[in-house]
Every structure is written in structure tokens, then in C-alpha cells.
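Spelled out, the chains give:
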Amino acid sequence: MDKQQIISNTETFVKATLKNAEGGHDWFHILRVWNNSKLIAQHENVNLFIVELGALLHDIADSKFYDGDETIGPKIARKFLESQFVENSVIVHIENIISNISFKGGNFKQSFTSPELDVLQDADRLDAIGAVGIARCFNYGGFKNRQLYNPALPPNLNMTKEEYKNSKAPTINHFYEKLLLLKDKMNTQTGKKIAKERHQYMETFLKQFFNEWDGLK
């Protein structure tokens, strides 16, 4: 089976698998990350086949929707890719990408690196910031029935991986615990350039939010 057919089959598989997913982690999130990754990859020396497969499969089973189980995504990806007769070295690379792509709190150290993961991590993180990132953040907060903001519950910038994973903090806290940190965690020059503008948009949003919260505007 040629690579383009595998990519096409993967797209079909992911669309079907995520048809009822939460709005911030649905097919359209995958599509945006896929497009971001191809844009960034133009300026990087990477295996585009791995980048595209990684983009399509990176959130096939996000652990936060499976009681924190981080093994499900790699397992589903492997089973599917084996059905497409993808060589094992590529499958292992995709498993490692899925296991290491996500932000898991400020103290988490990823155990795997590759140029392809660098591209995909930037592509995924770009979708977590800016206008779409703000929309996704509040959509997920609503999905989890979290408070918008509570001045009595300040952000915790020193959470362990487990504390981050189990946090039920108000949605605004997530900006300080993750989203505003992503600009300085970009791997590629393209990612850094795009992130700078999206970061500024979030800063403007937060300033307006707090002015409205405090009745100043």
C-alpha cells in the first residue's frame, strides 16, 4: 500500500473514531494540527509521512477522556497502523510521539525527542493558544463543569504531573498553568513566530476579561 493511501485511510479512521468527541479534541482539532504540522514541516528536515501520521493519530484516544490512561492512544494507533502494514519502526515512532506530545504540567520531562515530534508538538501547541485556543479552553471547562474564574483559587505553577492531570481548577487558571507557557516552549522557528502573535492575543483577552470581571469597563 502506498503512503498516500495509508494517509487517506488514516484520515477516514480518525474521522470515524472521533465523530462524537468533545469539541476541543474532535476531528477539526486534528485537521488544524495536521495543517499546522504541514506548514511547519516545510521549513524542517523531517519525514513527512511520520509527521502526517503523527498529526492524524496524536489524539486518537486522549488520556484525559480515559481516566488518565496514557497507554490507550499508542495501542489504538499501533493496531490501526499494523492493519495498514506500516513498518514497525514507523509505528514505534508514532507511539513515542503520542506518548510525548502533550503538555503534562510544568515539571514533566519528555522521554523521547525527534525532529518529527518537534514539528508536531509545535503544531498541537499552536492550536492551544490564540483565538482557537481560548475557545477550546472554555469549551473544555464547560464540558467539565468548571468555574470560569475564582479569585480565591490562584493558579498553581508548581504542580506535579499527577496534580496537573487531576486538577479541577477554574478555567482561567489554565491560561497561567499552561497556555501562557507554551510560547517559550516552541521548538521550531515557524512555531515560535506564529506563537508570538497568538500569545499576545491571549494577553489582550485576559486584560479585557479581568477589567470586565472587576467592573472597570
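What the protein contains, in helices and strands, is 10 helices and zero strands. Seen in sequence order, the protein has helices and strands lined up from the N terminus as α-α-α-α-α-α-α-α-α-α. For a compact globule of 217 residues, the expected C-alpha radius of gyration is about 17 Å, and the protein comes in at 18 Å, within 12% of that figure. Looking at the 217 residues of the protein, the share that counts as buried comes to 47%. Carbon and sulfur atoms provide 51% of the accessible area of the protein, an area that totals close to 11,400 Å².

Where burial is concerned, most of helix α3 (residues 48-57) is hidden: nine out of the 10 residues are buried. Looking at α3, one finds that the buried residues are F49, I50, V51, E52, L53, G54, A55, L56 and L57. Buried-residue contacts for α3 involve α1 (3-17), α2 (27-41), α4 (72-83), α5 (88-100) and α6 (115-126).

Let us now look at the environment of N156. As for its placement among the helices and strands, N156 is situated in the loop between α7 (130-143) and α8 (161-166). Counting along the chain gives 18 residues from N156 to H174, while the straight-line C-alpha distance between them is 9.3 Å. Of the polar contacts made by the side chain of N156, one reaches the backbone nitrogen of N158; its length is 3.0 Å.

Now for the environment of K192. Within the element layout of this structure, K192 appears in helix α10 (residues 189-213). When the C-alpha atoms of K192 and L126 are compared, they prove to be 9.3 Å apart, with 66 residues separating the residues in sequence.

Moving on, we get to the pattern of salt bridges. Applying the stated criterion across every chain yields a total of six salt bridges. For E11, the salt bridge identified is with K15, shortest N-O distance 3.3 Å. Taken together, the positions of E11 and K15, both in helix α1 and four residues apart, correspond to about one turn of that helix. The exposure class assigned to E11 is partly exposed, which follows from its relative accessible area of 22%. R32 is paired through a salt bridge with D127; the nearest N and O atoms lie 2.6 Å apart. You can see R32 sitting in helix α2 and its partner D127 sitting in the loop between α6 and α7, a full 95 residues away along the chain.

Contact pair α5 / α6: the axes reach a minimum separation of 10 Å and the direction vectors enclose 40°. On the basis of the axis angle, α5 is oblique to α6. Classified by chirality, the crossing of α6 by α5 is right-handed. Taking contact as the criterion, the partners of H93, I97 and N100 in α5 are, on α6, E116, L117, L120 and Q121. Per-class residue counts for the contact of α5 with α6 are three nonpolar, three polar and one charged.

The rules behind the values
Residues numbered from 1 in each chain as written. Predicted model: local features only at pLDDT ≥ 70, side-chain atom pairs only at ≥ 80, totals over all residues. Heavy atoms only, no water. Helix = DSSP H or I, 4+ residues; strand = E, 2+ residues; numbered from the N terminus. Rg over C-alpha atoms; globule rule 2.2 N^0.38 Å. Buried < 20%, exposed > 50% of the residue type's maximum accessible area, 1.4 Å probe, protein only. Areas by Shrake-Rupley, 256 points an atom, 1.4 Å probe, with all protein chains shown as cover. Contact = heavy atoms within 4.5 Å. Polar contact = N/O pair within 3.5 Å; in protein donor to acceptor, adjacent residues only side chain to side chain. Salt bridge = Lys/Arg side-chain N within 4 Å of Asp/Glu carboxyl O. Axes fitted to C-alpha atoms, helices over the stretch in contact; angles between N-to-C directions. Parallel < 35°, antiparallel > 145°, perpendicular 65-115°, else oblique. Left-handed = near helix turned anticlockwise from the far one by under 90°. Nonpolar A, V, L, I, M, F, W, Y, C, P; charged D, E, K, R; others polar.

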